[in-house]
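These are the residues of each chain, in order.
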Amino acid sequence: MTVITSIEDLKTLHRSRTPRMFYDYVESGSYTEQTFRENTSDFARIRLRQKVAVDMSNRSTASEMIGLPVSMPVGLAPVGLTGMQHADGEILAAKAAEKFGVPFTLSTMSICSIEDVAAHVTTPFMFQLYVMKDQEFLENVIERAKAAGCSAMVLTLDLQILGQRHKDLKNGLSAPPKLTLPTMLNLATKWRWCMAMAQTKRRTFGNIVGHAKGVGDISSLQSWTAEQFDDRLDWEKVAKIRDMWGGKLILKGILDPEDARIAADFGADAIVVSNHGGRQLDGALSSIRMLPHIVQAVGDQVEIHMDSGIRSGQDVLKALALGADGTWIGRAFIHGLGAMGEAGVTKALEVIRSELDTTMALCGERNVRDIGRDNVLLPEGFLSEYGL
């Protein structure tokens, strides 16, 4: 494939070049995958309002997210195991984001460590925190993020326990992959991936191995992570983490207006309307469907971002029109990374910015900051179908 026209093209290449267990890890949801599917199908139900005979010159997609200038209001969301989609994946994605002028967020469950990424970029990146029961590890990883100069902490609130993802269990997901017969047969068809992985030392969770007490190899890592997500996380603990961090704080996983009001009163710098890409509570409403209700609940009290379901520049425009101040992409940039490494991440960002720019113009807007509710048309009952 020589011409990339969409994220779907990158997805096709990603699937052909990356081992099945890691492609499936990204391109799946929990249980029946209803929420995973509706994150995108609900975007498709929203229509755009065309405007003509409007001066479309001097367009700008530039904006701000958390007080930082961005070339477009789209950031790279935290994705676990990014370094298994392509060798040194987190480093490559961070470098692409830096060059493009958009934010990058590193996952706690990354393959490349905080220090690895910091050594390869000059622009501060954000760090996403999963709250673990191991208090020493928790305090240590926060201090490491501070030492690396991370610009904000993204605290994920919707993963106290794991929603079951059937494909991960059936594939025997692990990092590095266990060399079972089915896995070896699949790896034999992914020579590009194997050659790249053979040239890096980063093949397991870099933020955990060697940093968590008693975790020095893959076997000890698996037993540690199985019991470490803190199911007692509540607003009191969130407050303690906020105080430990002391910097800009983004609360991710907000999908209910009441939780949004609590987060706004809590003093968060931003919230992310998110259902974890449909990977946690299967049967939850899509992020784009919940976004207007959360905007109505908290208004201008807090910066509002959105993820889950964004696959195009048109989707970005729709989210902005319904009140988001910024958006985050996960699968969209991962498809680029798995397809073509750093160049693929750049291509994913270029595709989305081009789509956003063209769509914005055809909707009669020259500045991304001017996009609003009058740019989109919603189907009857879209906001009230479930009694909200």
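Since the structure is predicted, the reported quantities are computational estimates derived from the model, not experimental observations.

Student: Even after reading the chapter, I still don't get the overall build of the chain, so can you show me in this structure?
Tutor: When you go through the chain residue by residue, the secondary structure sums to 16 helices and 12 strands. Taken over C-alpha atoms, the radius of gyration comes to 20 Å for the chain, in line with the 21 Å a tight globule of 388 residues would show. The principal-axis extents of the C-alpha atoms in the chain amount to approximately 60 × 50 × 40 Å. Sorting the 388 residues of the chain into buried and exposed places 58% on the buried side.

Student: Looking at this structure, how should I read the packing of aromatic side chains?
Tutor: Evaluation of the coordinates by the stated rule reveals five aromatic pairs. Ring geometry for Phe137 against Trp224: centres 5.1 Å apart, planes inclined by 75 degrees, an arrangement best described as edge-to-face. On the criterion of sequence distance, the pair formed by Phe137 in helix α7 (residues 135–147) and Trp224 in helix α11 (residues 218–226) is long-range, its members being 87 residues apart. The exposure class assigned to Phe137 is buried, which follows from its relative accessible area of 1%. Aromatic side chains Trp235 and Phe266 sit 5.5 Å apart centroid to centroid with 50 degrees between the ring planes, which places their arrangement in the tilted category.

Student: When you look at the pattern of salt bridges in this model, what are you seeing that I'm missing?
Tutor: Oppositely charged side chains can pair when the atoms bearing their charge come close. Applying the stated criterion across every chain, the model contains 19 salt bridges. Ionic pairing is found between Asp243 and Arg242, a salt bridge with its closest N-O pair at 3.3 Å. For Asp243, a relative accessible area of 55% puts it in the exposed group. The salt bridge involving Arg289 is made with Glu385; its shortest N-O contact spans 3.1 Å. Taken as a pair, Arg289 in helix α14 (residues 287–298) and Glu385 in the segment after β12 (376–377) lie far apart in primary sequence, 96 residues in all. On the basis of relative accessible area, Glu385 is assigned to the partly exposed category, the value being 46%.

Student: For this particular structure, what's the right way to read the packing of helix α12 (residues 235–245) against helix α13 (residues 257–266)?
Tutor: Close contact between α12 and α13 brings their axes to 12 Å; oriented N to C, the two are set at 35 degrees. In this structure, α12 crosses over α13, and the sense of that crossing is right-handed. Contacts between α12 and α13 involve Trp235, Val238, Ala239 and Arg242 from the first element and Asp259, Ile262, Ala263 and Phe266 from the second. For the contact of α12 with α13, the class distribution of residues is six nonpolar, no polar and two charged.

Student: Just to check I follow, could you spell out the sheet that holds strand β10 (residues 303–306) for this structure?
Tutor: Working definition: the strands of a sheet are paired by backbone hydrogen bonds and lie parallel or antiparallel to each other. Spatial ordering of the open sheet is given by β4-β11-β10-β9-β8-β7-β6-β5, a layout of eight strands whose pairing is parallel. With one partner strand each, in any of the chains shown, β4 (74–76) and β5 (105–106) form the two edges of the open sheet. In the sheet, strand β8 (residues 249–254) pairs with strand β9 (residues 270–273) via four bridges, with the strands oriented parallel. Residue pairing across strands places Leu251 opposite Ile271, the latter belonging to β9. Those strands touched by α13 are β8 and β9, and its axis lies near 175 degrees from that of β8.

Student: Just checking my understanding: could you explain the environment of Asp243 for this structure?
Tutor: You can see Asp243 is positioned in helix α12. As a C-alpha pair, Asp243 and Leu322 span 79 residues in sequence and 32 Å in three-dimensional space.

Student: I would appreciate a short explanation of the layout of surface pockets in the present structure.
Tutor: Rolled over the atoms, a probe with the dimensions of a water molecule shows which regions are left empty. Quantified by volume, the largest pocket comes out at close to 1,200 Å³. Forming the boundary of the largest pocket are 49 residues, of which Tyr25, Leu162, Arg165, Asp168 and Arg279 lie nearest the centre. Take the lining of the largest pocket: its biggest share by element is five residues, from α11. Estimates place the volume of the second largest pocket at around 500 Å³. Forming the walls of the second largest pocket are 21 residues, and the residues nearest its centre are Leu157, Asp158, Gln160, Gly253 and Asp259. Taken together, the residues that form the lining of the second largest pocket break down as 11 nonpolar, six polar and four charged.

Thresholds applied
Residues numbered from 1 in each chain as written. Predicted model: local features only at pLDDT ≥ 70, side-chain atom pairs only at ≥ 80, totals over all residues. Heavy atoms only, no water. Helix = DSSP H or I, 4+ residues; strand = E, 2+ residues; numbered from the N terminus. Rg over C-alpha atoms; globule rule 2.2 N^0.38 Å. Buried < 20%, exposed > 50% of the residue type's maximum accessible area, 1.4 Å probe, protein only. Phe/Tyr/Trp six-rings, centres within 6.5 Å; stacked < 30°, edge-to-face > 60°. Salt bridge = Lys/Arg side-chain N within 4 Å of Asp/Glu carboxyl O. Axes fitted to C-alpha atoms, helices over the stretch in contact; angles between N-to-C directions. Left-handed = near helix turned anticlockwise from the far one by under 90°. Contact = heavy atoms within 4.5 Å. Nonpolar A, V, L, I, M, F, W, Y, C, P; charged D, E, K, R; others polar. Pairing = 2+ DSSP bridges. 1 Å grid on protein atoms, 1.4 Å probe; cavity = no way out; pocket = protein on both sides within 12 Å on 5 of 7 lines; lining within 4 Å. Points joined across faces, edges and corners; volume = space filled by probe spheres on them.

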